[in-house]
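# Examining the three-dimensional arrangement
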Amino acid sequence: MADGYEYPLIDGLDVDEIIDVVNFFQTIEQAYEQSAGVKRADFIDAYRKFQQVVPAKMEQKQLEREFEHRSGYDSYQVIKLSKDAQAVNLSIHEA
């Protein structure tokens, strides 16, 4: 993880939308950083709000790539893991 990075945002977001985008990125951090990971339901809720704030897939992918570049955390891995209906918590432990 890179220390002291900023979350990527797009122009024109209001405060509530910024909170939703940042919350999505924070749930990805939790999946990587916390031993218990993040609750699947919490991640899915944050991901859906992120998709509502940033409805264009191209912009979503751009923000996700920028987040990965800044933090080292791949949101795709957490999204992929969230699709497993059996998972209660999402946790990615890097070897």
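Quick caveat, the model's predicted, so the values are computed rather than measured.

## Describing the packing of aromatic side chains
Counted by the stated rule, this structure contains twelve aromatic pairs. Between F24 and F50, the ring centres sit 4.2 Å apart and the planes meet at 15°, which makes this aromatic pair stacked. On the criterion of sequence distance, the pair formed by F24 in helix α1 (residues 15-33) and F50 in helix α2 (residues 40-53) is long-range, its members being 26 residues apart. With relative accessibility at 0%, the residue F24 sits in the buried group. The exposure class assigned to F50 is buried, which follows from its relative accessible area of 0%.

## Side note on the environment of L9
One can find L9 in the segment before α1. Put simply, L9 and A85 are 76 residues apart on the chain and 30 Å apart in space, counted from C-alpha to C-alpha. Leaving out residues up to four positions away in the same chain, L9 has contacts with I18, V21, V22 and L63.

## Brief notes about helix α4 (residues 75-82)
Those residues of α4 lying buried are S75, V78, I79 and S82. For α4, the buried positions fall inside an angular range of 100° around the axis, keeping them on one side. For α4, the elements touching its buried residues are α1, α2, α3 (57-71) and β2 (89-90). You can read the cap of α4 off the contacts: a side-chain oxygen lies 3.0 Å from the backbone nitrogen of Y76, and it is on D74.

## Focus: the nonpolar core
Counting residues in hydrophobic clusters, the biggest one holds 22 residues, and the most contacted among them are V21, F24, F25, I28, F43, F50 and V78. At the level of elements, α1, α2, α3 and α4 are the ones that each hand at least two residues to this core. The greatest single-element share of this core, amounting to six residues, is contributed by α1.

## Examining the pattern of salt bridges
A complete count under the given rule lists three salt bridges for this structure. As a salt-bridge pair, D45 and K49 come within 3.5 Å of each other at their nearest N and O atoms. Here D45 pairs with K49, and both are found in helix α2, just four residues apart, close to one helical turn. Exposure remark for D45: the relative accessible area of 39% places this residue in the partly exposed category. Owing to a relative accessible area of 34%, K49 belongs among the partly exposed residues under this scheme.

Rules behind the numbers
Residues numbered from 1 in each chain as written. Predicted model: local features only at pLDDT ≥ 70, side-chain atom pairs only at ≥ 80, totals over all residues. Heavy atoms only, no water. Phe/Tyr/Trp six-rings, centres within 6.5 Å; stacked < 30°, edge-to-face > 60°. Helix = DSSP H or I, 4+ residues; strand = E, 2+ residues; numbered from the N terminus. Buried < 20%, exposed > 50% of the residue type's maximum accessible area, 1.4 Å probe, protein only. Contact = heavy atoms within 4.5 Å. Arc of directions from axis to C-beta. Polar contact = N/O pair within 3.5 Å; in protein donor to acceptor, adjacent residues only side chain to side chain. Core = buried A, V, L, I, M, F, W, Y, C linked by side-chain atoms within 4.5 Å. Salt bridge = Lys/Arg side-chain N within 4 Å of Asp/Glu carboxyl O.

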